[in-house]
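This is what each chain is made of:
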Amino acid sequence: MKQYRLLIIVWIALLLLLAATAASALLQLGAWNSVLNLGIAALKAGLVMLFFMRLRSSHVLIRLTAITAMATLAILFALSSTDYFARERYVAPYQRPQQIAPVLR
Amino acid sequence: MSTANASAIAERGEPEHAATFALWILLATELLLFGPLFLGYVYVRTHFPDAAAAASRHTDMLLGTVNTAILLTSSLCMAVAAERARAQRSTQWWLSATALLGLAFLVIKGIEYQHEFAEHLFPDRGFAPADAISLDRLHGMQLFFLLYFAMTALHALHLAVGCVFCLGLTVRGGRQHALAVELTGLYWHFVDVVWIFLYPLLYLLGRAGG
Amino acid sequence: MTSAVHRGTPASATEAIDLGYLGGKFSLWSWLGTHDHKRIAILYAIAITTFFFLGGVAAALIRIELATPQGDLVSAETYNKLFTAHGVIMVWLFLIPSIPSVLGNFLLPLMIGARDLAFPRLNLASWYVYVIGGAFTIWALIAGGVDTGWTFYTPFSTMFSNSNVVLALLGVLIVGFSSIMTGINFIVTTHTMRAPGLGWFRLPLFVWANYATSIILVLATPVLAMTLVLVGIERVFQVGLFDPALGGDPLLFQHLFWFYSHPAVYIMILPAMGVASEIIPCFARRRVFGYRFMAYAILGIGIIGFLVWGHHMFVSGQSVYAGMVFSLLSFMVAIPSAVKVFNWTATLYKGSITFSAPMLYALGFVGLFTIGGLTGLFLAALALDVHLSDTYFVVAHFHYIMVGGSVMAYFGALHFWWPKMTGRLYSEAWGRAAALIIFVGFNLTFFPQFLLGYEGMPRRYHSYPPEFQVLHLVSSCGAALLAVGYLLPLIYLGWSLFKGKPSGNNPWQATGLEWETSSPPPTHNFERPPVVTRPPYDYPEQGEPA
């Protein structure tokens, strides 16, 4: 059992974080609900990647692979949002008038 | 494995390093496979915030939370199996436990799907939720459920493949067993990470009645 | 270990050669079940050539239709199916796999001194996936056809088109997995199987190019896969993520589609640039100018290439803010490409230049790629793009890059490495003639299209006002000449397989590990694993005597 101590501790942390995210969802926190949920999700994912997937002790190439994948996804989100979050602000003559603008909450 | 040692190994082309590297590249492609669904989700969430919250309340939060706990536990079992395989110890029980928990997840998911089909929440022509108060709300809820079904189905498909591999590994021994368990473990944990994000995004919107 | 020497049946006047990997087993299964990367490369070459000519048939019909202003050869809907077929086949079944899967497969292990790729069975599997997906796609395109354009824009493709959209999507999806498999193989091979002494900055630029291409392949293709699946789901279930009438956004599809399809064009051009970097130093007898900058430029193109996709959407209804961001980034991506063009040119300086067939193709590549690249900058300028978007200017721009660039480089590579792959020399006279015919035919076909586009001729139209006819006719005649140019190599390269002079190990006196083994190489590539001690392109420096 001793050699799995770390894994079990991580598992307990994951379950606690799960309880936290579920419980907090039942509270009315407005925009902070999402922030909290995503933050906790990122933490859980981080724990799984670092400890279960052993990214902490992986070859630098493998860590680079993981980072590159996440960065590419981030590019997709970031540059697409330059479109979605500015459609109403900078209107071009050829834009359709009935473009739906996102509601940020 | 220290970094310096590992790069020396890389130069010599050890098969374990090559296989592990290849699997991580595969996980990178899988992340980008799910990517468009997440972007679609962001679109629905930002353009139809009320409809998304209403739709999310139709999902079964209890079953979803239980499923998340099951999957996290299965990841523990898988990690233990990989640890044991590295130490040349038997892994059958732990791999079976992983697969069983995975199957339990799929069964519960199936039950959820059954409920959702019964409530006409599948986003085809027959989509008819009870609380679609306007056309806008209807469209928003339908798009949310499109993403709900697409994301959870893609996830379930990957999980099923993972279960098959785990079960296969309990039966097969083989010289490369430790490597096979390691690679299957990496895949399994990735599927877990995807669910870690799917759970709050799909199940926890609008739960405070907002 | 010595391989059994297999002597081909001597033809009347030509010597027999040691057939290396081509010899040995001759059965169908020894080819269809091979793990040898060189045989898999040949399998790919056969499939790719077939698809190239199928795509060419579609192009021929298009150009014949466009020779007259009236839409008289085919109906409007059939014309839509023709340009869709041309685009789908040429992009996904020809250009994307061509240089990596034929030449990359053949040469990568040889260039790094390895016996094979990291995962030979994955390599064979990738060929099967490619052929099955390709056959499926062709079937969808021919048995009924698809009329959405290769870009599958929504909501037409999801809600209104009455053609084989879902089948075509499925075919392309399958072919995409082949790309991913090849990409993984190349990346792992390049990292883990280099010969002793072969550090990254001793690698041939062709290896760098295929490496960057593979990274783009594995990161971008999955996005396309999921996007196509979403289009299919929309179409089948009539749910509207991409349909404004049902709450969706057509631009969401376009963002996702072009997120893949712009890096895809870098998948098509980077290997071609790698080829140019191999041919030009050899036939100028000069080291590549600025090797490190060339390598960094390859990586730079790969990275910045992921940041520019919105320039396909300037007039789509995208926010002007996004348009400005993408326009700026698109100007930036031209910089590493320009660095490469300058360096190829500088490589020629004070060189001892031989105008062999491969060199003609490589020089043609540099010039035509430059024109294509510069006109890309025209299109990257937001204001100009409003006028030029969806006109023949865009068509001319991308054909200069893809045909004038990638296809020329593919042919140049075929000729350059033909002796290595087959052990035979082709006829230089015919090779040069074909290269020149292709060059002239290409410019006759596509230069008028810049003028047509600037004057307002829209793309994807099969009938047009009569004042455009002269330029269209010139273009169609050019296409006929181009077709002749493309058919010639089939004849003289095929002929050389039986009657060509044996080439010997290194007929071009080129540097590179692939030239140090026999032509064709034995199945295991090298008798003894090579050790590398010299820098790459070990020709004299610029300015030194040859």
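Just so it is clear, the model here is predicted, and its values are computed rather than measured. (Residues numbered from 1 in each chain as written. Chains lettered and ligands numbered in written order. Predicted model: local features only at pLDDT ≥ 70, side-chain atom pairs only at ≥ 80, totals over all residues.)

1. Thoughts on the overall build of chain A
Okay, so step 1: Within chain A, the regular secondary structure consists of 3 helices and 0 strands.
Okay, so step 2: Counting from the amino terminus, chain A carries its helices and strands in the arrangement α-α-α.
Okay, so step 3: Split into buried and exposed, the 105 residues of chain A put 30% on the buried side. (Helix = DSSP H or I, 4+ residues; strand = E, 2+ residues; numbered from the N terminus. Buried ≥ 20, exposed ≤ 12 C-beta atoms within 10 Å, placed from the backbone.)

2. With respect to the overall build of chain C
Okay, so step 1: Across its full length, chain C carries 15 helices and 0 strands.
Okay, so step 2: Against the compact-globule benchmark of 24 Å for 546 residues, chain C has a radius of gyration of 23 Å, which places it among compact chains.
Okay, so step 3: In terms of its C-alpha atoms, chain C occupies a principal-axis envelope of roughly 70 × 50 × 45 Å.
Okay, so step 4: Counting across all 546 residues of chain C, residues that qualify as buried make up 58%.
Okay, so step 5: Within chain C, contacts between residues separated by at least 24 positions form 84% of all contacts whose residues are at least 6 apart in sequence. (Rg over C-alpha atoms; globule rule 2.2 N^0.38 Å. Contact = placed C-beta atoms within 7 Å.)

3. Points about the nonpolar core
Okay, so step 1: Ranked by internal contacts, the top residues of the largest apolar core, which has 266 residues, are Phe144 and Leu147 of chain B together with Ala276, Phe365 and Ala409 of chain C.
Okay, so step 2: Here this core takes 24 residues from helix α8 (residues 250–284) of chain C, the largest share from any one element.
Okay, so step 3: Here this core spans two domains, since at least three of its residues come from each of domain 1 (1–55) and domain 2 (58–89) of chain A.
Okay, so step 4: Not counting chain neighbours up to four residues away, the residues in contact with Phe144 of chain B comprise Val44, Ala51, Ala52, Ala55 and Ser56 of chain B. (Core = buried A, V, L, I, M, F, W, Y, C linked by C-beta atoms within 7 Å. Domains from an automatic or database assignment.)

4. Concerning the domain arrangement of chain A
Okay, so step 1: Examined at the domain level, chain A breaks down into domain 1 (1–55) and domain 2 (58–89).
Okay, so step 2: Computed from C-alpha atoms alone, the centre-to-centre distance between domain 1 of chain A and domain 2 of chain A is 23 Å.

5. A closer look at the interface of chain B and chain C
Okay, so step 1: Each side of the interface is counted separately: chain B has 28 residues, and chain C has 28 residues.
Okay, so step 2: Broken down by secondary-structure element, the contributors of at least two residues to the side of chain B that touches chain C are α2 (15–47) and α6 (135–171) of chain B.
Okay, so step 3: Among the elements that make up the side of chain B that touches chain C, the one with the highest residue count is α2 of chain B (16 residues).
Okay, so step 4: Tallied by class, residues from the side of chain B that touches chain C come to 18 nonpolar, 8 polar and 2 charged. (Nonpolar A, V, L, I, M, F, W, Y, C, P; charged D, E, K, R; others polar.)

6. What to know about the interface of chain A and chain B
Interfaces are frequently sized by the accessible area removed from exposure as the parts join.
Okay, so step 1: Listed as interface residues are 43 residues of chain A and, on the opposing side, 39 residues of chain B.
Okay, so step 2: Among the elements that take part in the side of chain A that touches chain B, helix α3 (residues 60–84) of chain A stands out by supplying 13 residues, more than any other.
Okay, so step 3: Residue classes in the side of chain A that touches chain B are distributed as 30 nonpolar, 11 polar and 2 charged.

7. Focus: helix α2 (residues 31–52) of chain A
Okay, so step 1: For α2 of chain A, spanning 22 residues, the distance from its first C-alpha to its last is 31 Å, which sits close to the expected 32 Å at 1.5 Å a residue.
Okay, so step 2: Taken residue by residue, α2 of chain A has Asn33, Asn37, Ala41, Lys44, Leu47, Val48, Met49, Phe51 and Phe52 of chain A as its buried positions.
Okay, so step 3: Packed against the buried residues of α2 of chain A are α1 (5–25) of chain A together with α4 (61–86) and α7 (177–203) of chain B.
Okay, so step 4: Downstream of α2 of chain A by one or two residues, Arg54 of chain A has phi in the positive range, about 60°. (Expected span 1.5 Å × (residues − 1).)

8. A short note on the environment of Arg125 of chain B
Okay, so step 1: Here Arg125 of chain B shows up in the loop between α5 (92–118) and α6.
Okay, so step 2: Put simply, Arg125 of chain B and Gly40 of chain B are 85 residues apart on the chain and 20 Å apart in space, counted from C-alpha to C-alpha.

9. Concerning helix α15 (residues 469–499) of chain C
Residues and elements named next belong to chain C.
Okay, so step 1: With 31 residues, α15 extends 45 Å between its outermost C-alpha atoms, agreeing within 8% with the 45 Å of an ideal straight helix rising 1.5 Å per residue.
Okay, so step 2: Those residues of α15 that fall on the buried side of the exposure criterion are Leu471, His472, Ser475, Ser476, Gly478, Ala479, Leu482, Ala483, Gly485, Pro489, Leu493 and Ser496.
Okay, so step 3: The elements touched by buried residues of α15 are α2 (37–65), α13 (392–422) and α14 (428–454).

10. Some thoughts on the confidence of the model for chain C
Residues and elements named next belong to chain C.
Okay, so step 1: The pLDDT averaged across chain C works out to 93; a share of 97% of its residues lies at or above 70.
Okay, so step 2: Taken element by element, the predicted model of chain C shows its lowest mean pLDDT in helix α1 (residues 28–32) (89) and its highest in α14 (98).
Okay, so step 3: Within the model, the stretch residues 1–13 combines pLDDT values under 50 with 15 contacts to residues more than four positions away or in other chains.
Okay, so step 4: Across the assembled chains, the prediction reports ipTM 0.93 with pTM 0.94. (pLDDT = per-residue confidence, 0-100.)

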